[in-house]
Amino acid sequence: MKKRFKWEPPALMALVLLLGVWLVWNQKNQLTGIVQVPGARYVEFRIGNARGLLEVVETGSLVDPPKGGVASNTDPLRTEFRVLLRNGHRSDVMDENQFRAAYGNQVLEDVTRRTDNFFFRLFNITTWSSLAWVLLGLGGQIAFSGRMVLQWIVSEKERRSVVPAAFWWLSLAGGAALFVYFVWRQDFVGVLGQSSGLVIYARNIRLIYKQRKRALEATEQPAGGT
């Protein structure tokens, strides 16, 4: 009788993945307590440990709208800024000179050039060069997740729990890539999670090949003794 491949586990994996992506994206788009101005552009902004948004209006003068109202734009030649932090802080409206004096010319150029880039927001990066690090992390995560898929497929075929040698190779490659990525991210939790694993993966690979070597020597010994 042909064994039926179960579709439920991969469907559940996809569902959990979509749920996680939705939760992350929804949190990025959540503007709690912030009244959005029509035509304004919002850039993720961080000052120390406080995070929030920078409101950029490039069509005129920005004023706080009344409840239920909208902001008014009186000078079409002006670009104005307002810092809106999630801790409730709302800065005064700043023109370009005031913003430059407060945060520097480089920050001013960055926020005025920046567009609402989907990839930047999704991966929480600010430059295209950072995308290379994100791709490294994605590659490591694919290898790390692929090891579980491989182990699951092999176990389903054998109808018992099996851990192939490729599982440990994928673990080592994915763990090393993720370790480097988390170091770049300065994510202590991620570095802590991968550091001990790298040693364990390498040790398992060594034990597998030592076991194979002993088995090979055991099969060759009777032939050499006759």
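Draft legend 1. A look at the side chain of S91. Locating S91 in the fold gives a position in the loop between β3 (80-85) and α2 (96-103). Separated by 2.8 Å, the side chain of S91 and the backbone nitrogen of V83 make a polar contact. For S91, the residues in contact, after removing those within four places along its chain, are R82 and V83.

Draft legend 2. Local environment of helix α6 (residues 165-185). For α6, which comprises 21 residues, the first-to-last C-alpha distance of 30 Å matches the rise-based estimate of 30 Å (1.5 Å per residue) to within 8%. Those residues of α6 that sit buried are A165, F167, W168, S171, G174, G175, A177, L178, Y181 and F182. Directly beyond the C-terminal end of α6, a positive phi value near 60° is found at Q186.

Draft legend 3. Highlighting the pattern of salt bridges. Across all of its chains, the model carries 2 salt bridges by this definition. Notably, a salt bridge pairs R82 with E55, separated by 2.9 Å at the nearest N-O pair. Highlighted residues: R82 in strand β3 and E55 in strand β2 (residues 50-57), separated in sequence by 27 residues. R82 sits in the buried class, given a relative accessible area of 7%. The class of E55 is buried, set by a relative accessible area of 0%. Of the charged contacts, one joins E156 and R159 as a salt bridge, the two residues approaching to 3.4 Å between their closest N and O atoms.

Draft legend 4. Focus on the nonpolar core. V43, F45, A50, L54, V56, F81, V83, L85, M94, F99, L108 and V111 together form the largest nonpolar core, which totals 12 residues. Within the residue set of this core, elements represented by two or more residues are β1 (41-47), β2, β3 and α3 (105-113). Sequence-distant contacts of V111, defined by excluding residues within four places in its chain, comprise R41, L54, F81 and F99. In terms of nonpolar packing, the next biggest core, distinct from the first, is built from 11 residues, W168, V191, I205 and I208 among them.

Draft legend 5. Fine view of the sheet that holds β3. As summarised here, the arrangement of the 3 strands in space is β1-β2-β3, forming an open sheet in which the pairing is antiparallel. Every interior strand has two partners, whereas the edge strands, β1 and β3, have only one. Here the average twist between neighbouring strands, direction ignored, is 30°. Summarising the sheet, β2 and β3 pair through 6 bridges and their orientation is antiparallel. Its bridge partner lying in β3, V56 is registered against F81.

Draft legend 6. Quick look at the packing of helix α5 (residues 130-158) against α6. Two numbers describe how α5 lies on α6: the axes approach to 8 Å, and their chain directions differ by 155°. As summarised for this structure, α5 and α6 are arranged roughly antiparallel, according to the angle between their axes. Note on packing geometry: the crossing formed by α5 with α6 is left-handed. Split into classes, the residues belonging to the contact of α5 with α6 amount to 15 nonpolar, 9 polar and 2 charged.

Draft legend 7. Here's a closer look at the packing of α2 against α3. Interhelical geometry of α2 versus α3 gives an angle of 125° and a closest axis separation of 7 Å. On the basis of the axis angle, α2 is oblique to α3. The segment α2 lies against α3, with E96, F99, R100 and Y103 engaging N105, V107, L108 and V111.

Draft legend 8. How the structure looks around the pairing of β1. Judged from the 7 bridges that link them, β1 and β2 form a sheet pairing that is antiparallel. Paired with V43 across the bridge in β2 is L54.

The rules behind the values
Residues numbered from 1 in each chain as written. Predicted model: local features only at pLDDT ≥ 70, side-chain atom pairs only at ≥ 80, totals over all residues. Heavy atoms only, no water. Helix = DSSP H or I, 4+ residues; strand = E, 2+ residues; numbered from the N terminus. Polar contact = N/O pair within 3.5 Å; in protein donor to acceptor, adjacent residues only side chain to side chain. Contact = heavy atoms within 4.5 Å. Expected span 1.5 Å × (residues − 1). Buried < 20%, exposed > 50% of the residue type's maximum accessible area, 1.4 Å probe, protein only. Salt bridge = Lys/Arg side-chain N within 4 Å of Asp/Glu carboxyl O. Core = buried A, V, L, I, M, F, W, Y, C linked by side-chain atoms within 4.5 Å. Pairing = 2+ DSSP bridges. Axes fitted to C-alpha atoms, helices over the stretch in contact; angles between N-to-C directions. Parallel < 35°, antiparallel > 145°, perpendicular 65-115°, else oblique. Left-handed = near helix turned anticlockwise from the far one by under 90°. Nonpolar A, V, L, I, M, F, W, Y, C, P; charged D, E, K, R; others polar.

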